[in-house]
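Below are the chains, spelled out letter by letter.
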Amino acid sequence: MRIVTISEELLNVYYEDEQVLRKQTRPCVLIVRLKYKGEYHTFAVPLRSNIPPFVPRSQFFTLPPRKTTKPGHRHGIHYVKMFPIDEKYAYRFNMGSSKQQRAVMNLIDNNERRIVSECQSYLTAYENGLRPNYCTDIDLLLERLKEFQKSKELTTV
């Protein structure tokens, strides 16, 4: 599992969905090959330092708090904010080498199977109509991603 950031060009394609976290420097966990509606896609799942206290624990993977994490909030990988991507627009994110950053990377690496499984479970529930408040619109985003990829193919011909 890699930590990446997504290009501004691709993030701008998702302008219609206000739930997509568009901060270009935001780190995301890159997950390849999650199944949605019978097809496999690559998804980016954002890391957030201030997940509100009312968010159910099933919607995120908890990470150690950052110095920017507000009291009562949590730092984690927020499943409901995931979005499909084209890996060509994902760039390596340097997590740094502090003790806290190493602990975060170790936690992610040691729980890779669980994170992928929980992301897949979220997508399956989403596909079956269980859509939590403030989630991204996966269907709209897949449609916009396909249009974007098609337009890129046409401009390279």
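Up top you'll find the structure we're talking about.
First, a word on what this report is: a plain description of the structure on this page. (Residues numbered from 1 in each chain as written. Predicted model: local features only at pLDDT ≥ 70, side-chain atom pairs only at ≥ 80, totals over all residues. Heavy atoms only, no water.)

### Notes on the state of the cysteines
Reasoning step 1: Applying the stated criterion across every chain, the model contains zero disulfides.
Reasoning step 2: Distance from the sulfur of Cys28, which forms no disulfide, to the nearest cysteine sulfur (Cys119) is 11 Å.
Reasoning step 3: You can call Cys28 buried: its relative accessible area is 2%. (Disulfide = S-S within 2.5 Å. Buried < 20%, exposed > 50% of the residue type's maximum accessible area, 1.4 Å probe, protein only.)

### Here's the deal with helix 3 (residues 112-127)
Reasoning step 1: The terminal C-alpha atoms of helix 3, which comprises 16 residues, lie 22 Å apart, in line with the 22 Å expected from a rise of 1.5 Å per residue.
Reasoning step 2: Residues of helix 3 that are buried include every one of Ile115, Cys119, Tyr122, Leu123 and Tyr126, and no others. Projected onto a plane normal to the axis of helix 3, the buried residues spread over an arc of 95 degrees and lie on a single side.
Reasoning step 3: Immediately beyond the C-terminal end of helix 3, within one or two residues, lies Gly129, with a positive phi of roughly 95 degrees. (Helix = DSSP H or I, 4+ residues; strand = E, 2+ residues; numbered from the N terminus. Expected span 1.5 Å × (residues − 1). Arc of directions from axis to C-beta.)

### Examining the pattern of salt bridges
Reasoning step 1: Tallied over the full model, the rule gives nine salt bridges.
Reasoning step 2: Linking Lys152 and Glu9 is a salt bridge whose minimum nitrogen-to-oxygen distance equals 2.4 Å. On the criterion of sequence distance, the pair formed by Lys152 in helix 4 (residues 138-156) and Glu9 in helix 1 (residues 8-13) is long-range, its members being 143 residues apart.
Reasoning step 3: Among the residues examined, Lys152 registers a relative accessible area of 28% and is labelled partly exposed.
Reasoning step 4: Lys37 is the salt-bridge partner of Asp139, the closest N and O atoms lying 2.9 Å from each other. Here Lys37 lies in the loop between strand 2 (28-36) and strand 3 (39-51) and Asp139 lies in helix 4, a separation of 102 residues in the sequence.
Reasoning step 5: Overall, the relative accessible area of 26% leaves Asp139 in the partly exposed class.
Reasoning step 6: Each of Glu16, Glu143, Arg144 and Glu147 takes part in salt bridges that share partners, so that together they form one network. (Salt bridge = Lys/Arg side-chain N within 4 Å of Asp/Glu carboxyl O.)

### Overview of the packing of aromatic side chains
Reasoning step 1: In this structure the tally under the stated criterion is four aromatic pairs.
Reasoning step 2: Relative to Phe83, the ring of Tyr14 lies with its centre 5.9 Å away and its plane at 65 degrees, an arrangement referred to as edge-to-face. In this pair, Tyr14 is assigned in the loop between helix 1 and strand 2 and Phe83 in strand 6 (residues 83-85), connecting sequence segments 69 residues apart. In terms of burial, Tyr14 and Phe83 fall into one category: buried.
Reasoning step 3: Arranged with centres 6.0 Å apart and planes meeting at 50 degrees, the rings of Tyr122 and Tyr126 form a pair that is tilted. With Tyr122 and Tyr126 both in helix 3 and four residues apart, the pair spans about one turn of that helix.
Reasoning step 4: Taken together, the ring pairs in this structure connect Tyr36, Tyr122 and Tyr126 into an aromatic cluster.
Reasoning step 5: Over the face of the ring belonging to Tyr40 we find Arg33, whose NZ or CZ atom lies 4.2 Å from the ring centre.
Reasoning step 6: A cation over a ring is seen here: Arg131 above Tyr126, with NZ or CZ 4.0 Å from the ring centre. (Phe/Tyr/Trp six-rings, centres within 6.5 Å; stacked < 30°, edge-to-face > 60°. Lys NZ or Arg CZ within 6 Å of the ring centre and 35° of its normal.)

### Here we look at the nonpolar core
Reasoning step 1: Residues Ile77, Tyr79, Met82, Ile108, Ile115, Cys119 and Ile138 are the most contacted members of the largest nonpolar core, which totals 25 residues.
Reasoning step 2: Breaking this core down by element, the ones donating at least two residues are strand 2, strand 3, strand 4 (60-63), helix 2 (99-110), helix 3 and helix 4.
Reasoning step 3: It is helix 3 that contributes the most residues to this core, five residues altogether.
Reasoning step 4: Beyond its immediate sequence surroundings of up to four residues, Ile138 is in contact with Tyr36, Phe43, Met82, Leu123 and Tyr126.
Reasoning step 5: One finds Ile6, Cys28, Ala90 and Leu141 within the second-largest nonpolar core, a separate group that totals 17 residues. (Core = buried A, V, L, I, M, F, W, Y, C linked by side-chain atoms within 4.5 Å. Contact = heavy atoms within 4.5 Å.)

Coordinates in, geometry out; function isn't part of it.
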